[in-house]
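# Residue-level structure breakdown
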Amino acid sequence: MSADAYTVVGGGAIGGTLAHSLARAGHPVTVVDSDADHVAAMRERGLKVDHGHGRFAAARVTAATPEEFDGPLDRVLLAVKAQATRSAMDWIAPRLAPDGYVVSVQNGFNEPVIASYVGEKRTLAAFVNIFADLTAPGVVRDGGPGAFVIGEPGGAPVSERVRRLVDDLQAWGPARASDNVEGYLWAKAGFGAMLAATALADASMADLIGRHREAMYAVVGEVFDVAEAAGVRLEPFDAFEARAFQRGRPAHVRDSATDRLTAWLRTQPKDRSGIWRDLAVRRRPVEVTTHYTTVFDEAERAGIETPVLRAVIGGLRELEADPAGMSEARLDELDRLAARHAERAREDTPGAPAGPAAGSAHPGGASAAGDGLPSRPVLGGAQAQAVRAWLEEHREAMVDDLAAYTAQGSSSDDPAELERCLEWLREWLDDALGAPGTRGVSEELLQRDTRGDVLVRRYPATGGPGEEQSGEAPVLLLAHYDTVWPTGTLENWPFRRDGDVCTGPGVFDMKAGLVQAVWALKALDALGLPRPACTLVVNGDEETGSLASSEAIVSEALGSRAAFVFEASADGAVKTSRKGVGLFRLTVEGVEAHAGLDPTAGASAVEEAAHQVLDLGALSRPSAGTTVNVGVLHAGTRSNVTAGRAVADIDVRVASEQERQRIDEALAGLSPVNPRTEVTVTGEWNRPVFERTPGVARLYSLARACAAPLDLDLRECAVGGASDGNFVLAAGVPVLDGLGAVGAGAHARGEHATVSGMTQRAALAAGLLAAFTE
């Protein structure tokens, strides 16, 4: 990890969040803030982040007011309110090192102002969407996961300094580099305009956006009209699908995108905007009036009217003087204003169709992108609770199934044992969900010579509109039946249950996951609830890289709407990002000789391998999620012989396509230190990178909405291990991974899964599947 030092100017919600993360990761961090009480609290107790439920995490930072700060500035994260940018730059500019930079982690368009003080070469552009809050001196409330994109100003190519900053900010979360930060900033300006409108009333953001769609569509549309005139390519972020709100989009596309957005907003730690808090709680001027100066200036240059946005900003200025004037009646008036201007626009454009009502419903569940993803759950709260109650009633039967399944040894390296386990699985699936040839169930058994066979079971849609749509693509359900545990493990470590905890080889990774998937389908059938067409693929070589099954998995994925992977959860969190995995072999050919009689005649492959192994280790970049591990090294024949050959096996993990390309180039460029030796690298990327795409994000948003009536606060995470979901996502099919067991201890004797987690996750899976029936 880089030991770069950072100065955060403005230690509020965003600045405090980033300073805390960097400091916890070991970076020297100085926070400069004009609030003396805030500075004193950080000095005394550290900078704290409130994670809710009484959980606080503190980080030690150096804190100072601008008057107290003494020293030059190098890497500056500027996090002051937009209206304070000029005064902050007056202070920063004379202190900034010639090769230093300032990156705006603010709201609004502040990069031109920064560049006017220090030049474009010392300015970085950033887009940040963190829903945090400064709740007390020295305390920032966690805003949950958000979006963070960094780049050079003006759309210049991503530079090394941007990459290094992004690497360091992985300490906070999934920060990434882009050459189109402007597209994110304008998209956020549209989203921010909606949030600004919600601050006109004292109610939740989600409720107000949902109830006042006419005004919301108008205000974001005006911002995006200006962006289009400026030639900006809008970028989606978090749950805001910016392009769905551009003018001319079908009403059902906007409505579906709004439904997903409001559902996501309801999952956030705070339900009102920072603008509302500035007005109602802190009683201070809002910065949003400064944010939209750029929008209004660009609109005037392009001759674009922005009446609704101007009304929002005007209303906020009124509330700065008297916050008691907050009222939803202001939004009612915005709706009427938007409708009047929309009607006038239609009159000015002969033949233009009349627009549908703002609240018109999407006739189906497909997403705005037309990719077949549902926009919302189908099961109501009572139905979701009924599914969970039914599963609770059958929890002992679920445990019995897990016990019987775990009792089937299934070592990845024992074809005979895998064959017996798969035969048991086929019989179990026949009893649970119907045998092939009954109720429309079909099966393919793809035989593999040296690995476990691949089982493909297809189940038709039942109980809903999808039952009549035989052409509807299925949902892919992925599981594997092999485990890392060698044959004979069950003899001294059989399945056991102790209260809520089940242990045994493979219960967590991942036998409980398949049990949960099957019981999710059973629950929907038992309660007469709809489920979509499903394809269940179970392979027997996942733990050894899925070399014999990946092609079959991708083939099934290409005909599917989405994939759910029932790998174990990460402490209850689903997995929306996984590393790519490369398996390579370094071979060094040296020159053998007698080590005593003729030591100079030889060229040691061992010595050359040592140089190469050190160089390979230096390729690791943990802060970017990249690790290069030489796990096995074989060399030489005898101690008195100069080694003629050395072989090293390498495991590479990367978290981004950019890092994969970097490692590829480095491996291709390896050359010997001793010219009398030869160095070659063979192998390939076993699994591609699983990055959090918009499709993955939409599935996670849907899962959170399905989890809500189950009283489950579903989290997401990125993990270093790979799964078969990596192949599916690389094929262009959205994936949600980690839907399996709740527990811990994968690949270890402490492996365990909870019974309560099994019923809860099966209910979640049932809700997700039902959502695909609209």
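In this report, we go over the structure that sits alongside the text. (Residues numbered from 1 in each chain as written. Predicted model: local features only at pLDDT ≥ 70, side-chain atom pairs only at ≥ 80, totals over all residues. Heavy atoms only, no water.)

Secondary structure assignment for the protein chain yields 25 helices and 30 strands. In terms of C-alpha radius of gyration, the protein chain reaches 29 Å, essentially the compact-globule figure of 28 Å for 774 residues. In terms of its C-alpha atoms, the protein chain occupies a principal-axis envelope of roughly 85 × 75 × 55 Å. Residue burial in the protein chain is summarised as follows: out of 774 residues, 55% are buried. Partitioning the contacts of the protein chain with sequence separation of at least 6, the portion at a separation of at least 24 is 75%. Only carbon and sulfur atoms are counted for the fraction: they give 49% of the accessible area of the protein chain, which is about 30900 Å². For the protein chain, the centre of its 75 positive side-chain charges and the centre of its 106 negative side-chain charges are spaced 4 Å apart. (Helix = DSSP H or I, 4+ residues; strand = E, 2+ residues; numbered from the N terminus. Rg over C-alpha atoms; globule rule 2.2 N^0.38 Å. Buried < 20%, exposed > 50% of the residue type's maximum accessible area, 1.4 Å probe, protein only. Contact = heavy atoms within 4.5 Å. Areas by Shrake-Rupley, 256 points an atom, 1.4 Å probe, with all protein chains shown as cover. Lys, Arg positive; Asp, Glu negative; His and termini not counted. Charge placed at Lys NZ, Arg CZ, Asp CG, Glu CD.)

With that settled, consider the pattern of salt bridges. Evaluation of the coordinates by the stated rule reveals 52 salt bridges. The closest approach of N and O atoms between Glu-241 and Arg-260, which form a salt bridge, is 2.7 Å. With a gap of 19 residues between them, Glu-241 in the loop between helix H8 (213-229) and helix H9 (251-265) and Arg-260 in helix H9 connect regions that are remote in the sequence. Arg-260 carries the same exposure label as Glu-241, and that label is buried. Several salt bridges share partner residues, and in doing so they unite Lys-81, Asp-133, Arg-141, Arg-277, Asp-278, Arg-282 and Arg-284 into one network. (Salt bridge = Lys/Arg side-chain N within 4 Å of Asp/Glu carboxyl O.)

Strand order across the open sheet formed by four strands is E16-E17-E30-E29, with antiparallel pairing between neighbours. Looking at which strands have only one partner, the edges of the open sheet turn out to be strand E16 (496-498) and strand E29 (743-744). Contacts from helix H25 (residues 755-771) reach E16, strand E17 (501-503) and strand E30 (752-754), with the element oriented near 60° to E30. (Pairing = 2+ DSSP bridges. Axes fitted to C-alpha atoms, helices over the stretch in contact; angles between N-to-C directions.)

Next up on the list: the packing of aromatic side chains. Inspection of every chain in the model, using the stated rule, returns 18 aromatic pairs. Ring centres of Phe-109 and Trp-186 lie 4.8 Å apart, and the angle between their planes is 50°; this geometry places the pair in the tilted category. Of this pair, Phe-109 sits in the loop between strand E7 (96-104) and helix H4 (111-118) while Trp-186 sits in helix H6 (residues 181-198), and the two are 77 residues apart along the sequence. On the basis of relative accessibility, which here comes to 4%, the residue Trp-186 falls in the buried class. Aromatic side chains Phe-240 and Phe-245 sit 5.2 Å apart centroid to centroid with 15° between the ring planes, which places their arrangement in the stacked category. Comparing Phe-240 with Phe-245 shows no difference in burial state: the two are buried. An aromatic cluster is built from Phe-127, Tyr-184, Phe-191, Tyr-217, Phe-224, Phe-237, Phe-240 and Phe-245, whose rings are joined through pairwise contacts. (Phe/Tyr/Trp six-rings, centres within 6.5 Å; stacked < 30°, edge-to-face > 60°.)

Residues Tyr-6 and Val-8 line one face of strand E1 (residues 6-9) and the alternating positions Thr-7 and Val-9 line the opposite face, and both faces are buried. Of the strand pairs in this sheet, E1 and strand E2 (residues 29-32) are connected by four bridges, and their pairing is parallel. Each bridged residue has a counterpart across the sheet, and for Thr-7 the counterpart in E2 is Thr-30. In terms of handedness, the path from E1 via helix H1 (residues 13-24) over to E2 forms a crossover that is right-handed. Pairing geometry for E1 and strand E6 (residues 73-78), over three bridges, is parallel. (Right-handed = clockwise from strand over helix to strand, strands pointing away.)

For Asp-724, the location among the structural elements is in the loop between strand E27 (716-719) and helix H24 (725-730). Of the residues examined, Asp-724 reaches a relative accessible area of 5% and is grouped as buried. Within the structure, Asp-724 has its side chain in polar contact with the side chain of Arg-687 (distance 3.2 Å). (Polar contact = N/O pair within 3.5 Å; in protein donor to acceptor, adjacent residues only side chain to side chain.)

Before going further, it helps to examine the pairing of strand E14 (residues 452-459). Of all eight residues in E14, seven are buried; the element is thus mostly enclosed. Joining the antiparallel neighbours strand E13 (residues 442-446) and E14 is a turn of five residues. Sheet analysis places E14 next to strand E18 (residues 534-540), joined by six bridges and oriented antiparallel. Of the residues in E18, the one forming a bridge with Arg-458 is Thr-535.

This part covers the environment of Arg-163. Secondary-structure assignment places Arg-163 in helix H5 (residues 160-169). By relative accessible area, Arg-163 is classed as partly exposed at 27%.

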